[in-house]
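Structure at a glance
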Amino acid sequence: DLPADIATAKKNGAAGVGLYRTEFLFMDRTTVPGEEEQFYAYARIVKAFKGAPVIIRTLDVGADKPLRRAAPRETTNPALGLRGVRYSLRDPQHFKTQLRAILRASAYGAARIMFPMLTGMQELVQVAQLLEEAKAELAARKHRFNVRIPLGCVIETPAAALLAKRLGRCVDFLSIGTNDLVQYTLAVDRGDNDVAHLFDPLHPAVLLLIRNIIRAGLEARVPVTLCGEMAGDLRYTRLLLGLGLREFSMNSASLLEVKWLIQNSDVSRLRARVNRLLASHTPQEALALLERINK
């Protein structure tokens, strides 16, 4: 979330930053951070990891992450409204300011850019065009940056999941955002107490989407990582290994336990057990099979 998290992540053996949430630079303030302020924050993290990948997610606000400077908007369902990359594309100049700051930070290490809440190719084309404009502006100002900075997108909507192979052929990596993927797949607002009990990462539809995204990455020949609560939850580590996941992004406090569990797992035995879980029909059956996987 913040540069202050660097020390803990390194102490716990993080192999890089799977997701830097840039929205924390923008929230709880009435002004937009300028290019220099953003560049300093991004460069600090990139330098600290000395060549290890640092995936910087572009601004992901809206829904449960409103900006103080923005006037409240009347909307019946914020989760389906102006958020993620939709928000950024509505304000191209501020978006390009962020892109320039990330690009400048890429001169100091292995920075990568990741776009949230994509639903299809049209948005990817739009952000790619703005990125090229940002590169041209920096080149005119004689700033150094990685011309071939790796690009990725967060797969967190069913639309993006179904198009994962197509998207994967146009980017350098994919990241599965499980929190929103579960929410949108099951039509469950995780913040609504009346339906929160239906928010279930073990739902067969969710697991099948995750498996298909991982396979799509293999077919497109791009790495797939997974972020969100599932990645750092020990109950799901072996399940995700059996689904084919090989890169986990989580809160650094979870790293040591998850690493230990991965090192003490037999992936070849997990595949068959996970396939049986995918064929389950009820949450109770899935939970029973998950317990067997974790023994």
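Presented here is a report on the structure given in the accompanying data block.

About the cut-offs
- Residues numbered from 1 in each chain as written.
- Predicted model: local features only at pLDDT ≥ 70, side-chain atom pairs only at ≥ 80, totals over all residues.
- Heavy atoms only, no water.
- Helix = DSSP H or I, 4+ residues; strand = E, 2+ residues; numbered from the N terminus.
- Rg over C-alpha atoms; globule rule 2.2 N^0.38 Å.
- Buried < 20%, exposed > 50% of the residue type's maximum accessible area, 1.4 Å probe, protein only.
- Contact = heavy atoms within 4.5 Å.
- Areas by Shrake-Rupley, 256 points an atom, 1.4 Å probe, with all protein chains shown as cover.
- Lys, Arg positive; Asp, Glu negative; His and termini not counted.
- Charge placed at Lys NZ, Arg CZ, Asp CG, Glu CD.
- Salt bridge = Lys/Arg side-chain N within 4 Å of Asp/Glu carboxyl O.
- Expected span 1.5 Å × (residues − 1).
- Arc of directions from axis to C-beta.
- Axes fitted to C-alpha atoms, helices over the stretch in contact; angles between N-to-C directions.
- Parallel < 35°, antiparallel > 145°, perpendicular 65-115°, else oblique.
- Left-handed = near helix turned anticlockwise from the far one by under 90°.
- Nonpolar A, V, L, I, M, F, W, Y, C, P; charged D, E, K, R; others polar.
- Pairing = 2+ DSSP bridges.

1. A word on the overall build of the chain
Within the chain one finds 13 helices and 7 strands. The C-alpha radius of gyration of the chain comes to 19 Å, within 12% of the 19 Å expected for a compact globule of 295 residues. Projecting the C-alpha coordinates of the chain onto the three principal axes gives extents of approximately 60 × 45 × 35 Å. Residues counted as buried form 51% of the 295 residues belonging to the chain. Residue pairs in contact within the chain that sit at least 24 positions apart in sequence constitute 69% of those at least 6 positions apart. Accessible surface for the chain amounts to roughly 14600 Å². Of this, 51% is attributable to carbon and sulfur atoms. Across the chain, 41 positive and 30 negative side-chain charges occur, with their mean positions spaced 8 Å apart.

2. A short note on the pattern of salt bridges
Under the counting rule described, the total for this entry stands at 17 salt bridges. The closest approach of N and O atoms between Arg104 and Glu35, which form a salt bridge, is 2.9 Å. Of this pair, Arg104 sits in helix α4 (residues 92-105) while Glu35 sits in helix α2 (residues 35-48), placing them 69 residues apart in sequence. For Arg104, a relative accessible area of 7% translates into the label buried.

3. A look at helix α12 (residues 267-278)
For α12, spanning 12 residues, the distance from its first C-alpha to its last is 16 Å, which sits close to the expected 16 Å at 1.5 Å a residue. Burial in α12 covers these residues: Leu270, Val274, Leu277 and Leu278. Buried residues of α12 fall within an arc of 90° about the axis and therefore sit on the same side. When the buried face of α12 is taken as reference, the exposed residues oriented beyond 90 degrees from it are Ser268 and Arg269.

4. Concerning the environment of Asp28
Structurally, Asp28 can be placed in the loop between β1 (17-21) and α2. For the pair Asp28 and Tyr108, spaced 80 residues apart in the sequence, the C-alpha separation amounts to 28 Å.

5. With respect to α2
Compared with an ideal rise of 1.5 Å per residue, which puts 14 residues at 20 Å, α2 spans 20 Å between its outermost C-alpha atoms and is within 8% of the ideal. Buried within α2 are the following residues: Glu35, Gln38, Phe39, Ala41, Tyr42, Ala43, Ile45, Val46 and Ala48. Considering only its buried residues, α2 is in contact with α1 (6-11), β1, β2 (53-57), α4, β3 (110-115) and α5 (121-140). The positive-phi residue at the C-terminal boundary of α2 is Lys50, with phi of around 45°.

6. Description of the packing of helix α10 (residues 234-243) against helix α11 (residues 255-263)
Viewed as axis vectors pointing N to C, α10 and α11 meet at an angle of 40°, and their least axial separation amounts to 10 Å. Taken as axis vectors, α10 and α11 run oblique relative to one another. Considering how the two elements wind past one another, α10 and α11 form a crossing that is right-handed. Facing α10, whose interface residues are Leu234, Thr237, Arg238 and Leu241, α11 presents Glu257, Val258, Leu261 and Ile262. Counted by class, the contact of α10 with α11 contains 5 nonpolar, 1 polar and 2 charged residues.

7. As for the sheet that holds β1
Adjacent strands of a sheet pair through backbone hydrogen bonds, lying either parallel or antiparallel. The sheet built from 7 strands is open, its strands ordered β1-β2-β3-β4-β5-β6-β7 with parallel pairing. Only two strands of the sheet have a single neighbouring strand rather than two, namely β1 and β7 (247-248). Here strand β4 (residues 151-155) runs beside strand β5 (residues 173-177); their pairing, made up of 4 bridges, is parallel. When the sheet's bridge partners are listed, Gly152 is paired in β5 with Phe173.

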